[in-house]
Amino acid sequence: MDGTETNRRNCAKTEQQKMLDSGGNQSGSKDRVTLKKEIGLLSACAIIIGNIIGSGIFISPKGVLDHAGSVGFSLIVWVLGGGICALGSLCYAELGVTIPKSGGDYSYVTEIFGGLVGFLLLWSAVLIMYPTTLAVIALTFSNYVLQPAFPNCLPPYIATRLLSTTCVLFLTWVNCSSVRWGTRIQDIFTVGKLLALVLIIVVGMIQIAKGHYDALEPQTAFEFIKDPSVGQIALAFLQASFAYSGWNFLNYVTEEVVEPRKNLPRAIYISIPLVTLVYTLTNIAYFSSMSPQELLDSNAVAVTFGEKLLGMFSWVMPISVALSTFGGINGYLFTSSRLCFSGAREGHLPYLLAMIHLKSCTPIPALLVCCTATIVILCIGDTHNLINYVSFINYLSYGVTIAGLLYYRWKKPKMVRPIKVNLLVPCSYLVFWAVLLGFSLYSEPVVCGMGLVIMLTGVPIYFIGVQWKNKPHWISSAVEKVTYLGQKLCYVVFPQVDPSEIEPLTEKSELHPFAALMNTPVLVSFRGSSSVSLSYVRRTSSVHALTAPQRQGTLKSTAQ
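Residues numbered from 1 in each chain as written. Predicted model: local features only at pLDDT ≥ 70, side-chain atom pairs only at ≥ 80, totals over all residues. Heavy atoms only, no water.

K.L.:
Now, about helix α4 (residues 41-52): what can you tell me, with residues and values included?
P.N.:
In this model α4 runs 17 Å from its N-terminal to its C-terminal C-alpha over 12 residues, within 8% of the 16 Å that 1.5 Å per residue would give. Listed in full, the buried residues belonging to α4 are Ser 43, Ala 44, Cys 45, Ala 46, Ile 47, Ile 48, Ile 49, Gly 50, Asn 51 and Ile 52. Packed against the buried residues of α4 are α10 (179-209), α12 (230-244), α13 (260-289) and α16 (316-345). (Helix = DSSP H or I, 4+ residues; strand = E, 2+ residues; numbered from the N terminus. Expected span 1.5 Å × (residues − 1). Buried < 20%, exposed > 50% of the residue type's maximum accessible area, 1.4 Å probe, protein only. Contact = heavy atoms within 4.5 Å.)

K.L.:
Any details on the pattern of salt bridges? Residues and values, ideally.
P.N.:
Applying the stated criterion to the full structure yields seven salt bridges. Among the ionic pairs, Asp 187 bridges to Arg 184, the shortest N-O distance being 3.5 Å. With Asp 187 and Arg 184 both in helix α10 and three residues apart, the pair spans about one turn of that helix. Assessed through its relative accessible area of 13%, Asp 187 is described here as buried. Arg 184 gets classed as partly exposed once you look at its relative accessible area, which sits at 38%. Linking Lys 262 and Glu 259 is a salt bridge whose minimum nitrogen-to-oxygen distance equals 3.3 Å. (Salt bridge = Lys/Arg side-chain N within 4 Å of Asp/Glu carboxyl O.)

K.L.:
Could you give me a rundown of α12, with the residues and numbers involved?
P.N.:
The first and last C-alpha atoms of α12 sit 21 Å apart over 15 residues, in line with the 21 Å expected at 1.5 Å per residue. Those residues of α12 that fall on the buried side of the exposure criterion are Gly 231, Ala 234, Leu 235, Ala 236, Phe 237, Leu 238, Ala 240, Ser 241, Ala 243 and Tyr 244. Where α12 terminates, the next one or two residues include Gly 246, which has phi positive at roughly 115°.

K.L.:
An account of the packing of α4 against α10 is needed here, citing residue identities and associated values.
P.N.:
Contact geometry for α4 and α10: axes closest at 9 Å, N-to-C directions at 60°. Comparing their axes, α10 and α4 come out oblique. Where α4 crosses over α10, the handedness of that crossing is left-handed. Of the residues in α10, those in contact with Leu 42, Ser 43, Ala 46, Ile 47, Ile 49, Gly 50 and Asn 51 of α4 are Thr 183, Arg 184, Gln 186, Asp 187, Thr 190, Lys 193 and Leu 194. For the contact of α4 with α10, the residue count by class is five nonpolar, six polar and three charged. (Axes fitted to C-alpha atoms, helices over the stretch in contact; angles between N-to-C directions. Parallel < 35°, antiparallel > 145°, perpendicular 65-115°, else oblique. Left-handed = near helix turned anticlockwise from the far one by under 90°. Nonpolar A, V, L, I, M, F, W, Y, C, P; charged D, E, K, R; others polar.)

K.L.:
An account of the packing of helix α5 (residues 56-68) against helix α6 (residues 71-98) is requested, with residue identities and associated values reported.
P.N.:
Between α5 and α6, the least distance of the axes is 9 Å, while the angle of their chain directions is 125°. Classified by the angle between their axes, α5 and α6 sit oblique to one another. Considering the relative orientation of α5 and α6, their crossing is right-handed. Packed against α5, whose contacting residues are Ile 57, Ser 60, Pro 61, Val 64, Leu 65 and Ala 68, the element α6 presents Val 71, Phe 73, Ser 74, Val 77 and Trp 78 at the interface. Class assignment of the residues belonging to the contact of α5 with α6 gives a composition of nine nonpolar, two polar and no charged.

K.L.:
A description of the state of the cysteines should follow, citing residues and the corresponding values.
P.N.:
Following the criterion strictly, the structure yields zero disulfides and no others. As a non-bridged cysteine, Cys 91 has Cys 427 as the owner of its nearest cysteine sulfur, 8.9 Å distant. Given a relative accessible area of 0%, Cys 91 falls into the buried group. For Cys 427, a relative accessible area of 36% corresponds to the partly exposed category. (Disulfide = S-S within 2.5 Å.)

K.L.:
Explain the packing of aromatic side chains to me, and be specific about the residues and the numbers.
P.N.:
Taken as a whole and assessed by the stated rule, the structure comprises 23 aromatic pairs. With a centroid separation of 6.1 Å and 35° between ring planes, the pair formed by Phe 170 and Trp 173 is classed as tilted. Linking Phe 170 with Trp 173, this pair stays in helix α9 (residues 157-177), spanning three residues, or about one helical turn. Its relative accessible area of 41% is what places Phe 170 among the partly exposed residues. Centre to centre, the rings of Phe 249 and Tyr 252 are 5.2 Å apart; their planes meet at 65°, and the pair counts as edge-to-face. Residues Phe 249 and Tyr 252 agree in their burial class; the two are buried. Connected via pairs of aromatic rings, a cluster forms that spans Phe 141, Phe 170, Trp 173, Trp 181, Phe 189 and Phe 326. (Phe/Tyr/Trp six-rings, centres within 6.5 Å; stacked < 30°, edge-to-face > 60°.)

K.L.:
Residue-level account of the side chain of Thr 282, with values.
P.N.:
Following the sequence through the fold, Thr 282 ends up in helix α13. Overall, the relative accessible area of 0% leaves Thr 282 in the buried class. At a separation of 2.6 Å, a polar atom in the side chain of Thr 282 contacts the main-chain carbonyl oxygen of Val 278. When near neighbours in sequence (up to four residues on either side) are disregarded, Thr 282 contacts Ile 57, Leu 197, Ile 200 and Ile 201. (Polar contact = N/O pair within 3.5 Å; in protein donor to acceptor, adjacent residues only side chain to side chain.)

K.L.:
Quick one: what's the story with the environment of Cys 361, residue by residue and with numbers?
P.N.:
Within the secondary structure, Cys 361 sits in the loop between β1 (356-357) and α17 (364-380). Assessed through its relative accessible area of 2%, Cys 361 is described here as buried. Through-space distance from the C-alpha of Cys 361 to that of Val 179 is 7.9 Å; in sequence the pair is 182 residues apart.

K.L.:
Which residues make up a nonpolar patch on the surface, and what values do they have?
P.N.:
Residues Val 230, Val 431, Val 435, Phe 439 and Tyr 442 make up a contiguous nonpolar surface patch of about 510 Å² in total accessible area. No other element matches helix α19 (residues 424-443), which puts four residues into the nonpolar patch. Its relative accessible area of 31% is what places Phe 439 among the partly exposed residues. (Patch = residues over 30% accessible without salt bridge, like charges linked within 9 Å, V, L, I, M, F, W, Y side chains within 5 Å. Areas by Shrake-Rupley, 256 points an atom, 1.4 Å probe, with all protein chains shown as cover.)

K.L.:
Break down the environment of Asp 214 for me, citing the residues and quoting the values.
P.N.:
Mapped onto the elements, Asp 214 comes out in the loop between α10 and α11 (218-221). Owing to a relative accessible area of 55%, Asp 214 belongs among the exposed residues under this scheme. As for Asp 214 and Phe 287, which are separated by 73 residues in sequence, their C-alpha atoms are 8.6 Å apart.

K.L.:
How would you summarise the confidence of the model for the protein if you had to cite specific residues and measurements?
P.N.:
Low-pLDDT portions of the prediction should not be read for the details of their coordinates. Taken residue by residue, the protein gives an average pLDDT of 77. The fraction at 70 or more is 80%. When mean pLDDT is compared element by element in the protein, α9 scores highest at 91, while strand β4 (residues 532-534) scores lowest at 31. For the stretch residues 2-29, pLDDT sits under 50, and the model shows 86 contacts to residues farther than four places along the chain or on other chains. This stretch, residues 507-560, has a pLDDT under 50; its non-local contacts, to residues over four places away or in other chains, come to 130 contacts. (pLDDT = per-residue confidence, 0-100.)

K.L.:
Give me unusual backbone geometry: which residues, what numbers.
P.N.:
Even without a glycine there, the phi angle at Glu 259 is positive, about 45°. With respect to the helices and strands, Glu 259 occurs in the loop between α12 and α13. Classification of Glu 259 by relative accessible area gives partly exposed; the value is 46%. Even without glycine at this site, Cys 361 takes up a positive phi of about 60°.

K.L.:
Describe the environment of Cys 379, and please don't skip the residues or the numbers.
P.N.:
As for its placement among the helices and strands, Cys 379 is situated in helix α17. Distance in space between the C-alpha atoms of Cys 379 and Ala 135 is 9.5 Å, their sequence separation being 244 residues.

What follows is the structure, given as structure tokens:
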């Protein structure tokens, strides 16, 4: 996070030149060392659905029912929760095609409100939010996989941690090796988890057809187990929001989506209604075979459902949940690593994290950081309090981002917006968000306060790491040596960037700072002029600009 020009200028020296020279002739957009656009509409839908459907639908029904107080109201919460996600996703669709950068909330908030606000979201996400979520999903995976081996007791602590760590390490290796492998795993396991939920829904519908729907009859469904309160209702929505979390994750990989201005909104419009429908029908299926008290007493709702209705095939449920969570881990690793990548590209994280592998074009350093942070959280032990902090920070970031949409409309009213949602959409979301957040603060002041404290610890880090320009030489030298070593170990370079793909449509693209400051080949463009390619530049050499006809072979360094 050294903000000085010296560090930027020195952090990729001779090693990168050797790598580029060994890379052979790579010309044209297909051969550029850059994040590859390999996410089509199907994979885009799989990323959204796969990230939403993780462990939440198998865990949250108990919490939603407990806080909602009745079967009928809990189903209303599930439907309204999907509706709120739809409103939010429409806003993110506008932001995603207006500011087509990877990084999601962080990139939009940084663009709209500036570096400090963006850094605070990045800090809390990298430090707590995504490592904790990954750790929880990995532990859920290991618990369900090991359950058949320990039918009468909880699996051993060490066994669950070892299996969780192995799973995270394996998927990190897959995502380091190939973007295509990562997206294929996401596609396959998304289909698998949808089939598992379809099985639950079909069995539940059969039960209803046989007349087993006592808990769903109107006079029974709205019998409250306990007196409802506004605070409890807010907590019910927070529980549902945990199950729906991940609806904005495609925005984290915008630069890898094929035709993002077309496919990003399409994927959102397909995925959110589908997940809402599946979630609602799944909960109806649960209540077709389980009384409210049985559901509240169950620690694994899907497994209890399977034991009651599937007989000798009840083993299908724990395996289905394990597969679902496995796909969730892959999706979170894929998207959270792109957040680290985007933060490093903006200068808010060490520049090594903004580098990608010379051949596979995957952000290996960012993936390794996400993997390491997750393993550290797994070793801590108790993750329950961290989950509560994560939920608050997550919801806070949604509101700030959507408020940014309104501010951006006012700040730049003439900007070209391929999608422009009605103002009622963000306003309705923000009203709901403010009410929910306010009652959460009232109901759980300590938890919400700790979430704010975690986020605000990033303020001194920002001013020391990013804003402090004239750092001592030994700090710059140390960062340079670590970056150089990281490049050698991971075989990574800075990607070539075409700003026309990531800048807002009416913003004039200027010389990309990586070109002059980071010794890396990049593409830059200016409105109304042809693209130029900058070759690798030594620390003391001048910048060699090549016009489009001269672009062949520019990956071979011209700095002799």
